[in-house]
Amino acid sequence: MSNSEPSVRPATRRCLATTSLAGCFGCHMALLDIDERLFELIERVDIDRSPLTDIKRCGRCDIGLVEGGICNAENVHVLREFRRQCKLLVAVGACAINGGLPAQRNHLDLGQCLQEVYLTGPGIVHGQVPDDPELPLPLDKVHPVHEVVRVDYFIPGCPPSGDALWKFITDLLDGRTPRLGHPLLHFD
Amino acid sequence: MTIVDTLEDGPTCDQDRLADLLQPVLARHGSDPLRLLQILRDVQDDLGYLPPAALTSIARAVGLPRARVEGVAGFYAFLHLVPAGRYRVLFSDNIIDRMLGSEELLDRLCNRLWIEPGKVSEDGLVSVDRTSCTGMGDQGPALLVNGRPLTRMSAERIDRLAELIRAQAPLEDWPAEYFAVEDNIRRRDVLLGTRWPAGEAIGAAIARGEEALLAEMSASNLRGRGGAGFTTHVKWESARRAPCREGSRARYVVCNADEGEPGTFKDRVLLTAHPDLLFDGMTVAALAIGACRGLVYLRGEYAYLLPELRATLEARRRSGLLGEAICGRPDFTFDIDIHLGAGAYVCGEETALLESLEGKRGVPRNRPPFPVSEGYLRQPTVVNNVETLCKAAVIAIRGGDWFAGLGTRQSTGSKLLSVSGDVDRPGIYEYPFGVPVNQVLKDCGASDAQAVQVSGPSGTCLARHEFSRRIAFEDVPTAGAIMVFAGHRDMFEVARNFAHFFAHESCGFCTPCRVGTALVARCMDKIANGHGSQYEINEIFRIHRLLHAASHCGLGQTACNALFDTLHKFRPAYERRLRSLDFEPGFDLDRALAAARQMTGRDDPAAHFEPTPAGGR
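Residues numbered from 1 in each chain as written. Chains lettered and ligands numbered in written order. Predicted model: local features only at pLDDT ≥ 70, side-chain atom pairs only at ≥ 80, totals over all residues.

Colleague: Break down the overall build of chain B for me, with residues and values.
Modeller: When its secondary structure is counted, chain B shows 26 helices and 14 strands. Taken over the C-alpha trace, chain B has a radius of gyration of 26 Å; the compact-globule value for 617 residues is 25 Å, and the two agree within 12%. For chain B, the C-alpha atoms occupy an extent of roughly 95 × 65 × 50 Å along the three principal directions. Counting only residues that meet the buried cut, chain B has 53% of its 617 residues in that class. In chain B, 72% of the contacts between residues at least 6 apart in sequence involve partners at least 24 apart. (Helix = DSSP H or I, 4+ residues; strand = E, 2+ residues; numbered from the N terminus. Rg over C-alpha atoms; globule rule 2.2 N^0.38 Å. Buried ≥ 20, exposed ≤ 12 C-beta atoms within 10 Å, placed from the backbone. Contact = placed C-beta atoms within 7 Å.)

Written as structure tokens, this is what we have:
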């Protein structure tokens, strides 16, 4: 790599991590919709922790993409790991940004919910609320990502299209402030 | 059984009886849809609130869709679609009232009455809530009971108030001194220091003739006193030259007496002490632009001034200063009507005010066209502030050159300042433009000022090192409010009060303002609750830029001014509240697991978050 042309962007490889918290993996499916541009992507980035690599812990990264809101203790731990390890954290999709579909439970009382599902619902005999320490406890409310950690960027959409994700990621990689513009923010 | 009780029966309510009740109000206003807001106000005065059946009847009578009528009724804070209690107590919630102890008094009253703020008592007797500044900053803490202002509240007065309400004593029987509103004029200059006989300005204007009058206005270089500082004669000339719509010759003079900017009360004093000068000014403006009708838009908080103002108008009609052939000039016909607002700060914006005058929701219009070409009823209209019109009357008498000799080059004449806060002598001070802020502070007895908020929450916050700056359009412009904060005041709380004011008063029409002002208020609350971080500070700056660039009207554009200023000049007041310099959640994460812990009976380490998270750093 030569420094002879300071005006030219250095072609350093970047590191990317992704995760799906309280989401449906729809945003990750949308990422796959960039199709053959996946080859270009892996030319330019190493992919660390992600459902695509099945790597379980996140190392130091440049960009972290977070799909889904925060509905339980494990979500919080994963999110904090991403915030700690990623220089830029991006909330991807409606659930990460607003809580989305999982947040529909926010107007219900969690205790009553668990009681009805595991103890008093129709057809339940000798019910018990699961208490295995392996299971993460649910939070009383589902929160958008930015209410739990600082978030640097947001990509709206349910899900954002592959084109939108590609535009956003390449903007970040190329040093431009990401800007989707109207066609990529237009859903109907 | 009262009328309202029968109306609450809903579907079974006796439509005929309701019609009998509405009839006099509708007749008084000629069932005119342009007077819808006035009709709603009057009906509410009779019934206590606006029941659904009444809205239906009113809609039918004025010939508007019911949704339009409900839309208007739902827009204004002083109109109620559900019963709000026979005694409706509203505490003025400006920071100045708070500094005088309004929150403690509100709690005290609620305790005495066994009610929660914002909720009606179970017997439907009383409700206690907050409202935006009622324009009594020099004699607070102030409140409104059923629309009437009470000043200088104290613990003793609040206790007595609770007794009077519980005894259901009519307002007329309450101690008269509770309702006393003082003028508190502390410094008089050319306007306040002179006696201006009613009609003198009109006589002088007629003697000069329209062209010469406009020339005097031009020479005076009078600029609007409502805050924006637009040159008055340009407005008048434009309205005079603007073509009327086909088949009409109507032009209008509108007086903006919707003095909603917190901390401002100089128009109240002018309306009390110099109403004839104001009406002279409106009549002079009418002569200049060829208008035959004038409208005063009086803020709902000042409704108590209405009887006196109407009496003044009546006296002027009798003495030939209003009506036909004014001052003996046969071709000069002009009359003035007063419309009341109903608790909406945004109506101080001139196009929102025009919408409200037309009986609609107070949503600002697109500009251009400006009111001078398409104003009230889309006809050429001059909208001027109370003080501007008073000054115009004075100019008609004394001439433009005399006026231009006062003040500074770009800001001619004098300015009325409403001074309140940590000062020995709050009240009205009239100075020639160009007066340094520290002169004002010295005169009003503000020995320990650390900050001065000039021109209300939408204006400028000055710190000590700026007190040598001058009140003038070319330096520190102002609509008239000077709020003084002493060294022991917390400037963060001042800014937080302003943030909530704008979130409450956003008209909801444009998204940047509706959402942005709410987000800013939420950021400020998060910081106040000890969950704040640098992130919120960055957010406030980001939203400030967005609101400034993208809001539909001045409300959103100026909504973060005070935060922006205090963040620059009083940053430690914010920083000492921050929990970290990066980010903290706005809620307790560990407590968010409590319900699940209880249901599962778990208390293992994985069922908790560490108190101070390593993450988020």
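Picking up where we left off.
Colleague: How would you summarise the overall build of chain A if you had to cite specific residues and measurements?
Modeller: Each helix and strand counted, chain A has 7 helices and 7 strands in total. Once the C-alpha set of chain A is aligned to its principal axes, its extents read approximately 75 × 40 × 30 Å. Among the 188 residues that make up chain A, the fraction classed as buried is 35%.

Colleague: Which residues make up the interface of chain A and chain B, and what are the values?
Modeller: The interface is formed by 21 residues belonging to chain A together with 23 residues belonging to chain B. If you list the elements that add at least two residues to the side of chain A that touches chain B, you get α3 (73-85), α5 (110-120) and β6 (138-143) of chain A. Residue classes in the side of chain A that touches chain B are distributed as 12 nonpolar, 1 polar and 8 charged. (Nonpolar A, V, L, I, M, F, W, Y, C, P; charged D, E, K, R; others polar.)

Colleague: If you had to explain the pairing of strand β2 (residues 126-131) of chain B to someone new, which residues and values would you point to?
Modeller: Taken residue by residue, a regular strand's side chains alternate between the two faces of the sheet. All names here are of chain B. Here β2 lies mainly inside the structure; 6 of its 6 residues are buried. Taking every second residue as pointing to the same face, both faces of β2 are buried, with Val126, Val128 and Arg130 on one and Ser127, Asp129 and Thr131 on the other. Note: strand β1 (residues 87-92) against β2, 6 bridges, orientation parallel. Residue pairing in the sheet places Val89 in a bridge with Val128 of β2. (Pairing = 2+ DSSP bridges.)

Colleague: A description of the sheet that holds strand β12 (residues 449-454) of chain B should follow, citing residues and the corresponding values.
Modeller: Residues and elements named next belong to chain B. The sheet built from 6 strands is open, its strands ordered β5-β11-β10-β14-β12-β13 with mixed pairing. Sheet topology places β5 (185-187) and β13 (460-463) at the edges, where each strand pairs with a single neighbour. Strand after strand, the sheet turns through a mean of 30° between neighbouring axes, direction not considered. Judged from the 4 bridges that link them, strand β10 (residues 414-421) and strand β14 (residues 481-486) form a sheet pairing that is parallel. (Axes fitted to C-alpha atoms, helices over the stretch in contact; angles between N-to-C directions.)

Colleague: Tell me about the domain arrangement of chain B, and name the residues and values.
Modeller: Residue and element names in this part refer to chain B. Examined at the domain level, chain B breaks down into domain 1 (3-75), domain 2 (87-182), domain 3 (187-404), domain 4 (414-489) and domain 5 (492-575). Here domain 3 and domain 5 have C-alpha centroids that lie 34 Å from each other. Here the residues of the side of domain 3 that touches domain 5 sort into 5 nonpolar, 1 polar and 1 charged. (Domains from an automatic or database assignment.)

Colleague: Which residues make up helix α4 (residues 52-62) of chain B, and what are the values?
Modeller: All names here are of chain B. Buried within α4 are the following residues: Ala54, Leu55, Ser57, Ile58, Ala61 and Val62. Taken around the axis of α4, the buried residues stretch over an arc of 165°, which confines them to a single face. Gly63 sits one or two positions beyond α4 and adopts a positive phi of about 75°. (Arc of directions from axis to C-beta.)

Colleague: Provide a residue-level description of the sheet that holds strand β7 (residues 293-298) of chain B, including the pertinent values.
Modeller: Across a sheet, paired strands are connected by hydrogen bonds in the backbone, their directions being either parallel or antiparallel. Residue and element names in this part refer to chain B. Spatial ordering of the open sheet is given by β8-β7-β6-β9, a layout of 4 strands whose pairing is parallel. Two strands close off the open sheet at either side, each with one partner strand: β8 (335-340) and β9 (381-385). Recorded for the sheet is a direction-independent mean angle of 20° between the axes of neighbouring strands. Here helix α15 (residues 350-357) sits on the sheet and contacts β6 (252-257), β7, β8 and β9; the angle it forms with β7, its principal contact strand, is near 105°.

Colleague: Tell me about the pairing of strand β11 (residues 427-432) of chain B, residues and numbers included.
Modeller: By the bridge criterion, 2 bridges tie β5 of chain B to β11 of chain B in an arrangement that is parallel. Opposite Ile185 of chain B, over in β11 of chain B, you have Ile428 of chain B as the bridge partner.

Colleague: An account of unusual backbone geometry is requested, with residue identities and associated values reported.
Modeller: Here Cys158 of chain A and Pro159 of chain A are connected by a cis peptide whose omega angle stands at -10°. Residue position: Pro159 of chain A is located in the loop between β7 (153-155) and α6 (162-174). Cis geometry is adopted by the peptide bond preceding Pro368 of chain B, which originates at Arg367 of chain B and carries an omega value of -5°. If you check the backbone angles, Phe25 of chain A has positive phi at about 70° while not being a glycine. Positive phi is not limited to glycine here, since Ser31 of chain B has a value of about 50°. Along the chain, Ser31 of chain B falls in the loop between α2 (15-28) and α3 (36-47). The class for Ser31 of chain B is partly exposed, based on 18 C-beta atoms found within 10 Å.

Colleague: For the environment of Arg571 of chain B, give the residues involved together with the corresponding values.
Modeller: Residue and element names in this part refer to chain B. Position of Arg571 among the secondary structure elements: in helix α24 (residues 571-575). By C-beta crowding, Arg571 is classed as partly exposed, having 13 other C-beta atoms within 10 Å. Put simply, Arg571 and Leu18 are 553 residues apart on the chain and 58 Å apart in space, counted from C-alpha to C-alpha.

Colleague: Tell me what's going on with α3 of chain B, and back it up with residues and numbers.
Modeller: Residues and elements named next belong to chain B. With 12 residues, α3 should reach 16 Å at 1.5 Å per residue; the first-to-last C-alpha distance of 16 Å fits that figure. Burial analysis of α3 places 9 of its 12 residues in the buried class, which makes it a mostly covered element. What α3 keeps buried is the set Leu36, Leu37, Gln38, Ile39, Leu40, Arg41, Val43, Gln44 and Leu47. After α3 finishes, the residue Gly48 shows a positive phi value of roughly 90°. (Expected span 1.5 Å × (residues − 1).)

Colleague: Explain the nonpolar core to me, using residue names and the numbers behind them.
Modeller: Counting 173 residues, the largest nonpolar core has Leu109, Val254, Leu278, Val284, Ala285, Ala393 and Ala396 of chain B as the members making the most contacts within it. Cys58, Val151 and Leu165 of chain A together with Ala595 of chain B belong to the second-largest nonpolar core, a separate cluster that totals 52 residues. (Core = buried A, V, L, I, M, F, W, Y, C linked by C-beta atoms within 7 Å.)

Colleague: Pulling in residues and values, what's your account of the packing of helix α20 (residues 511-528) of chain B against helix α21 (residues 534-550) of chain B?
Modeller: All names here are of chain B. Where α20 meets α21, the axes come as close as 10 Å, and the angle between the chain directions of the two elements is 160°. When the axes of α20 and α21 are compared, the pair comes out roughly antiparallel. Handedness of the crossing formed by α20 with α21: left-handed. Counting all contacts with α20, which are made through Pro512, Cys513, Gly516, Leu519, Val520, Cys523, Lys526 and Ile527, the residues of α21 involved are Glu536, Glu539, Ile540, Ile543, Leu546, Leu547 and Ala550. Classifying every residue of the contact of α20 with α21 gives 11 nonpolar, 1 polar and 3 charged. (Parallel < 35°, antiparallel > 145°, perpendicular 65-115°, else oblique. Left-handed = near helix turned anticlockwise from the far one by under 90°.)

Colleague: Summarise the environment of Gln410 of chain B; cite the residues concerned and give the values.
Modeller: All names here are of chain B. Positionally, Gln410 belongs in the loop between α17 (400-404) and β10. For Gln410, a count of 14 C-beta atoms within 10 Å gives the class partly exposed. Expressed as a C-alpha distance, the spacing of Gln410 and Asn221, which sit 189 residues apart in the sequence, is 7.8 Å. Here Gln410 is in contact with Ala472, Phe473 and Glu474, once residues within four sequence places are set aside.

Colleague: Tell me about the environment of Pro52 of chain B, and name the residues and values.
Modeller: Among the structural elements, Pro52 of chain B can be located in helix α4. Measuring from C-alpha to C-alpha, the distance between Pro52 of chain B and Glu70 of chain B comes to 8.5 Å, with 18 residues separating the pair along the chain.

Colleague: Describe the confidence of the model for chain B, with residues and values.
Modeller: All names here are of chain B. Considering every residue of chain B, the mean pLDDT works out to 94; 96% of them sit at 70 or more. Contacts of residues 1-12 to residues separated by more than four positions or lying in other chains number 14 contacts, the stretch itself having pLDDT below 50. Here residues 613-617 is modelled with pLDDT under 50, and outside its nearest four sequence neighbours on either side it reaches 14 contacts, counting other chains as well. Note on the complex model: pTM 0.85, ipTM 0.72. (pLDDT = per-residue confidence, 0-100.)

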